Amino acid sequence: MSHNAPFPLIDRHTHLEGALDPTWVRHEADRRGLGLPASLEALWSGQAVPFEGFIEAFLYGASLLDSREAVREALLAVARRTRAAGGTGFDLWASPHFLVVHRKQIQLEALWRGLEEGLAEARAWGLRGCVVLDAVNHFGPKHGQAVLDLVLPALPAFVKGFSTGGLEKSPFRDWAPVFDRARAAGLRIAAHAGENGPGSNVREAVLEGGVSRIVHGIRADDATLALLAERRIPVDVCPTSNRALASDVVPHPLPRMLSAGVRCALGTDDPGVAPCDLETEIAAARGMGLDDLALARLRQNGAEDAWCLADGPP
Ligand SMILES: [Zn+2]
């Protein structure tokens, strides 16, 4: 990279299950003779819905991922959205255990094939992508072990990380053995923390869970921000999603996090449910009063800490 070239623009956090293009979802629902949940229509039109409504809308999209072709389409929706916003890469969270074992709607092999084909096509467009396994926090650490039991025997090379998501109900110290096992298998470790749970979860995830990357972290207090900065822990921040799912956190703490020296970067989270892309997220950050220098810092962090750009072991 030349000295003056801008850093690649990366979508640092997006979910396969929440990324489907609304036009495709409408078409697919028609084809299958299904109705769309009112919550999804409301979110697409920019209305706020209760948390349960967001989950309903998210799960509706997830329910359509029942074939290799549908998974490939979801991956390509991520790639098209990233490319249209000027981005060149994405770290994509996906939940194989939820789709394969919990919902029994697709075979693991078909899921991996759909992801692999989509990633290959995205790469042909000049985009880099990787997959981060998403385990459900509120299903508990036993579920986390089951996720690893499912995937570790034949883990594709495009899987770079392991994360928890869902409701932050199960203490991160209890997840430490799961994280240790995932790390021993060569995976990087992240956690959704300090979003729907208290800010203290962020500190616990880092100090007791051994997590090396935080998703959201928006409820962290100043002492925790100092810890994140000191340890250079990357934090993925998603303004549109935070507005929808953590609307009580106002003003949005992104400027405070950056001022504290936290390595924040922008992500879209569930852009097929709560419509957004990297451009809207950058505009949202600017709307918080961040100047060009701060926006450049977000972009630089986004590239430097991206797992889709990281080669080799963690
Ligand atoms: Zn997320």
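Use the structure listed above.
Residue numbers run consecutively from 1 along every chain, following the written order of its sequence. Under the rules for a predicted model, residues below a pLDDT of 70 receive no local features and side-chain atom pairs below 80 are neither given nor counted, while totals for whole chains, interfaces and linings still include all residues.

Caption draft 1: Structural detail: the overall build of the protein chain. For helices the rule is a DSSP run of H or I covering at least 4 residues; for strands it is a run of E covering at least 2, with both sets numbered from the N terminus onward. Helix and strand content of the protein chain: 14 helices and 8 strands. Projected onto the principal axes, the alpha-carbon positions of the protein chain cover approximately 50 × 45 × 40 Å. For the protein chain, buried positions account for 52% of its 314 residues. What counts as a contact is two residues whose backbone-derived C-beta atoms lie within 7 Å of each other. A separation threshold of at least 6 residues defines the contact pool for the protein chain, and within that pool the share at least 24 residues apart is 76%. With C-beta atoms placed from the backbone, a residue counts as buried when 20 or more other C-beta atoms lie within 10 Å of its own, as exposed when 12 or fewer do, and as partly exposed for counts between those limits.

Caption draft 2: Layout of the environment of Cys276. Checked against the element boundaries, Cys276 lands in the loop between strand S8 (263–266) and helix H13 (278–287). Residues Cys276 and Trp44 lie 232 residues apart in sequence; the distance between their C-alpha atoms is 9.9 Å. If we skip the residues at most four places from it in the chain, Cys276 touches Thr240, Thr268, Pro271 and Glu281.

Caption draft 3: Summary view of the pairing of strand S4 (residues 159–165). When you tally the buried positions in S4, you get 7 out of 7 residues, the bulk of the element. One requirement defines pairing of two strands: DSSP has to find at least two bridges between them. Examined bridge by bridge, strand S3 (residues 128–136) and S4 share 6 bridges and lie parallel to one another. Residue pairing across strands places Leu133 opposite Phe162, the latter belonging to S4. Taking the sense of rotation as the criterion, the β-α-β connection linking S3, helix H7 (residues 141–151) and S4 turns out right-handed. The sheet contact formed by S4 and strand S5 (residues 188–193) spans 4 bridges and is parallel. Bridge pairing in S5 links Ser163 to Ala190. Convention used here: a crossover is right-handed provided that the path from the first strand, over the helix, to the second strand proceeds clockwise when the strands point away from the viewer. Crossover connection from S4 via helix H8 (residues 172–184) to parallel S5: handedness right-handed.

Caption draft 4: Representation of the environment of His138 in the model. Structurally, His138 is set in the loop between S3 and H7. You can call His138 partly exposed: it has 14 C-beta atoms within 10 Å.

Caption draft 5: How the structure looks around the sheet that holds strand S6 (residues 214–216). The strand order S1-S2-S3-S4-S5-S6-S7-S8 describes an open sheet built from 8 strands, whose pairing is parallel. The two strands at the open ends of the sheet, each matched to only one other strand, are strand S1 (10–15) and S8. The sheet shows a mean angle of 25° between the axes of neighbouring strands, direction not considered. With 4 bridges connecting them, S1 and strand S2 (residues 89–94) associate as parallel partners. Paired with Asp11 across the strands is Phe90, a residue of S2. In this analysis, axes come from line fits to C-alpha atoms, helices being fitted only over the stretch in contact, and the angle between any two N-to-C directions falls in the range 0 to 180 degrees.

Caption draft 6: Fine view of helix H4 (residues 68–84). A helix's residues, less one, multiplied by 1.5 Å, set its expected span. Relative to the 24 Å expected for 17 residues at 1.5 Å per residue, H4 spans 24 Å between its end C-alpha atoms, a close match to the ideal helical length. Phi turns positive, to about 90°, at Gly86, one or two residues after H4.

Caption draft 7: Local environment of the packing of H7 against H8. Two numbers describe how H7 lies on H8: the axes approach to 8 Å, and their chain directions differ by 10°. Classed by the angle they form, the pair H7 and H8 counts as roughly parallel. Where H7 abuts H8, its residues Pro141, Gly144, Gln145 and Leu148 lie against Asp174, Trp175, Pro177, Val178, Arg181 and Ala182. When the residues that make up the contact of H7 with H8 are grouped by side-chain class, the tally is 6 nonpolar, 2 polar and 2 charged. Roughly parallel refers to an angle under 35 degrees, roughly antiparallel to one over 145, roughly perpendicular to one between 65 and 115, and oblique to any angle outside these ranges. Side-chain classes follow a simple rule in which Ala, Val, Leu, Ile, Met, Phe, Trp, Tyr, Cys and Pro form the nonpolar group, Asp, Glu, Lys and Arg form the charged group, and the remainder, Gly included, forms the polar group.

Caption draft 8: Structural context of the environment of Pro50. Along the chain, the position of Pro50 falls in the loop between helix H2 (38–44) and helix H3 (51–63). With 247 residues separating them along the chain, Pro50 and Arg297 place their C-alpha atoms 33 Å apart.

Caption draft 9: Layout of the nonpolar core. Ala74, Leu75, Leu92, Val211, Ile214 and Cys264 are the most contacted members of the largest nonpolar core, which has 89 residues in total. When residues of this core are assigned to their parent elements, the largest contribution, 8 residues, is made by H4. Leave out the neighbours within four places in its chain, and Ile214 touches Ala190, Ala191, Ala193, Val202, Ala205, Leu228, Ile233 and Val235. As used here, a nonpolar core is made of buried Ala, Val, Leu, Ile, Met, Phe, Trp, Tyr and Cys residues. They are joined through C-beta atoms within 7 Å.

Caption draft 10: Structural view of unusual backbone geometry. The peptide bond linking Val250 to Pro251 adopts the cis configuration, its omega dihedral lying at -10°. Locating Pro251 in the fold gives a position in the loop between helix H11 (239–245) and helix H12 (254–259). Here Lys104, not a glycine, exhibits a phi torsion of approximately 50°, which is positive. Within the secondary structure layout, Lys104 lies in the loop between helix H5 (96–102) and helix H6 (108–124). On the neighbour-count criterion, Lys104 (9 C-beta atoms within 10 Å) is exposed. For Asp269, which is not glycine, the phi dihedral falls at a positive 65°. As for its placement among the helices and strands, Asp269 is situated in the loop between S8 and H13.

In short, the description is geometric, and any link to function would need to be established separately.
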